[in-house]
Amino acid sequence: MTLHYIFVGFFVVALLMALGELLLTGSFASFDAIVQSSFAQAKNGFEISLYLTGMLCLWLGLLKVAERSGLVSSMARRSTPVLSALFPSLPKDHPALGNIFMNISANMLGLDNAATPLGLKAMQELQGLNQDKSSPSDAMLMFLALNASGLTIIPTSIIAYRMQVGAANPADIFLPILMATTASTLVAVLLVALRQGINLLQRPLLLTFGAILGSFGLILWAAKVLPAETFGSVSTGVASMILLSMMTTFLIIGARRGLNVYDTFVEGAKEGFSTAVTIIPYLVAMLVGIGVFRASGGIELIERTLRWLVAALGWDTSFVEALPTILMKPLSGSGARGLMVDAMQTHGADSFVGRLCCTVQGASDTTFYVIALYLGSVGIRRSSYVVGYSLLADLAGAITAILVTYLFFT
């Protein structure tokens, strides 16, 4: 219902502001601007979806090759020590661990729509082990926190949106998103682990956390010792190298294991096309709502108010235009996505605000939607402490997104 109220609210506020201008000035200009904006954004939403279709076909095709070649299963087995440490109540060979890994992998590849069915299946298996069917188990709460934090290695859809709006290098937000989403996930895992009494000093967890923090340290060291222009080109080049290496690895391993890579890729790409088609109405609806709200002056009013508050605190105000996206993210993924696209169209894909909104979008998932969907799928109404902890993780991701955007792009 949250998205319902947001969508209706955009139109109600726009109408009221247009009526206010009519009464004050006698001009119908706002009504004309709002209607024209709704038409333009409807067209925009469809055009953006076309670019998104290609990106989803690409990555779902590659993921299908990885699945059929056994690469995903192999990675699942290797990740068992880490998952077993985070989910100590689950038997080591339980099928839920495999689905949890697949769900997390799909999220890491930026394939939200592929991750959801796997997540629902994992929740059903976790509910089968749950002693109290009316309340989430510890394993469920950890799983929900991991999903709400939205760890993303390859921000597939965000790169596609940046391509559509004309970014010079759509993948240049790869490392900033990786750092922001990792911060969000680490905070979520640490909070839940401490609450559940999970030993964080286990070797698999220490090695994982050490590798993550070491990578962060390396990036910060490079940012300090390299000239800003060199650091920007190197970070962008490394991001492209990682993406190309992953794509090639998927295909080589599939071919080595006797898989018809081409046919398998096409099969997965067809699923990507179907997924993209289902997204079009949602994207159009939210872009139209945001377009109406912006044309009425609503977003400008919010930004002016927030800028005044931030300036009163003596802070730099460059990030203020991204605050609507930051505030929307926990409530609505579609709403935040629409605000991200709107920010890139308004300020430019390669502007500070455009890149910050993209980084924020990739930093975490939609907390309330994820928790409501997954708990609702197994008939549980109590969310326990996971909402509060996930919102703290969202905050950590947002703060990190702001800091790393300043680091990479100023």
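Reading the values: rules and limits
- Residues numbered from 1 in each chain as written.
- Predicted model: local features only at pLDDT ≥ 70, side-chain atom pairs only at ≥ 80, totals over all residues.
- Heavy atoms only, no water.
- Helix = DSSP H or I, 4+ residues; strand = E, 2+ residues; numbered from the N terminus.
- Areas by Shrake-Rupley, 256 points an atom, 1.4 Å probe, with all protein chains shown as cover.
- Buried < 20%, exposed > 50% of the residue type's maximum accessible area, 1.4 Å probe, protein only.
- Contact = heavy atoms within 4.5 Å.
- 1 Å grid on protein atoms, 1.4 Å probe; cavity = no way out; pocket = protein on both sides within 12 Å on 5 of 7 lines; lining within 4 Å.
- Points joined across faces, edges and corners; volume = space filled by probe spheres on them.
- Nonpolar A, V, L, I, M, F, W, Y, C, P; charged D, E, K, R; others polar.
- Phe/Tyr/Trp six-rings, centres within 6.5 Å; stacked < 30°, edge-to-face > 60°.
- Core = buried A, V, L, I, M, F, W, Y, C linked by side-chain atoms within 4.5 Å.
- Patch = residues over 30% accessible without salt bridge, like charges linked within 9 Å, V, L, I, M, F, W, Y side chains within 5 Å.
- Salt bridge = Lys/Arg side-chain N within 4 Å of Asp/Glu carboxyl O.
- Disulfide = S-S within 2.5 Å.

Engineer: Explain the overall build of the protein chain to me, please; I cannot follow it from the model alone.
Structural biologist: A tally of regular secondary structure across the protein chain gives 17 helices and 0 strands. In the form shown here, the protein chain has an accessible surface area of approximately 18,600 Å², with 66% of it arising from carbon and sulfur atoms.

Engineer: Explain the environment of G348 to me, please; I cannot follow it from the model alone.
Structural biologist: Structurally, G348 can be placed in the loop between α14 (333-347) and α15 (352-363). Classification of G348 as partly exposed rests on a relative accessible area of 22%. Setting aside its immediate chain neighbours within four residues, G348 contacts A343 and G354.

Engineer: Any chance you could explain the side chain of S38 here in plain terms?
Structural biologist: By secondary structure assignment, the location of S38 is in helix α2 (residues 29-68). Excluding anything up to four places from it in sequence, S38 contacts V288 and V292.

Engineer: In this structure, what is going on with empty space enclosed by the protein? I would like to understand it.
Structural biologist: Where empty space is left in the structure can be found by rolling a water-sized probe over the atoms. Scanning all chains against the criterion turns up 1 cavity of 30 Å³ or more. Approximately 50 Å³ is the volume attributed to the largest cavity. Forming the boundary of the largest cavity are R294, I299, E303, E321, P324, T325, L339, D342, A343 and H347. Residue assignment for the lining of the largest cavity shows that the elements contributing at least two residues are α12 (298-312), α13 (323-328) and α14. If you tally residues by element for the lining of the largest cavity, the top one is α14, at 4 residues. Partitioned by chemical class, the residues of the lining of the largest cavity number 4 nonpolar, 2 polar and 4 charged.

Engineer: Would you take a moment to explain the packing of aromatic side chains for this structure?
Structural biologist: Note on aromatic pairs: each is described by the distance of the centres and the angle between the planes. Tallied over the entire structure, the rule returns 4 aromatic pairs. An angle of 50° between the planes, with centres 4.7 Å apart, marks the rings of F352 and Y406 as tilted. Of the two residues, F352 is situated in helix α15 and Y406 in helix α17 (residues 386-409); the sequence distance between them amounts to 54 residues. Since its relative accessible area comes to 15%, F352 is described here as buried. Both rings, one in F408 and one in F409, keep their centres 6.1 Å apart while their planes meet at 45°; by these two values the pair is tilted. F409 carries the same exposure label as F408, and that label is buried.

Engineer: Please explain the nonpolar core as it appears in this structure.
Structural biologist: For soluble globular proteins, the rule of thumb is that nonpolar side chains tend to be buried together. In this structure, F87, L90, I100, M123, L126, M142 and F143 are the most contacted members of the largest nonpolar core, which totals 41 residues. Broken down by secondary-structure element, the contributors of at least two residues to this core are α3 (71-86), α4 (95-108), α5 (112-129), α6 (138-149), α8 (174-196), α9 (203-225), α16 (367-377) and α17. Looking at this core, the element that brings in the most residues is α6, giving 8 residues. Sequence-distant contacts of F87, that is, excluding residues within four places in its chain, are made with I100, A139, M142, F143 and L146. Among the nonpolar cores identified, the runner-up in size contains 39 residues, and I158, A343, V353 and F408 belong to it.

Engineer: Would you mind going over a nonpolar patch on the surface with me for this structure?
Structural biologist: Side chains of V8, V12, L15, L16 and L19 sit close together on the surface and give an oily, nonpolar patch of about 410 Å² of accessible area. Following the sequence through the fold, L16 ends up in helix α1 (residues 2-25). Of the residues examined, L16 reaches a relative accessible area of 54% and is grouped as exposed.

Engineer: Which parts of the structure should I look at to understand the state of the cysteines?
Structural biologist: By definition, a disulfide links the sulfur atoms of two cysteines through a covalent bond. This model, assessed by the stated rule, comprises 0 disulfides. Left without a disulfide partner, C357 is nearest to the cysteine sulfur of C358, which lies 7.1 Å away. For C357, a relative accessible area of 0% translates into the label buried.

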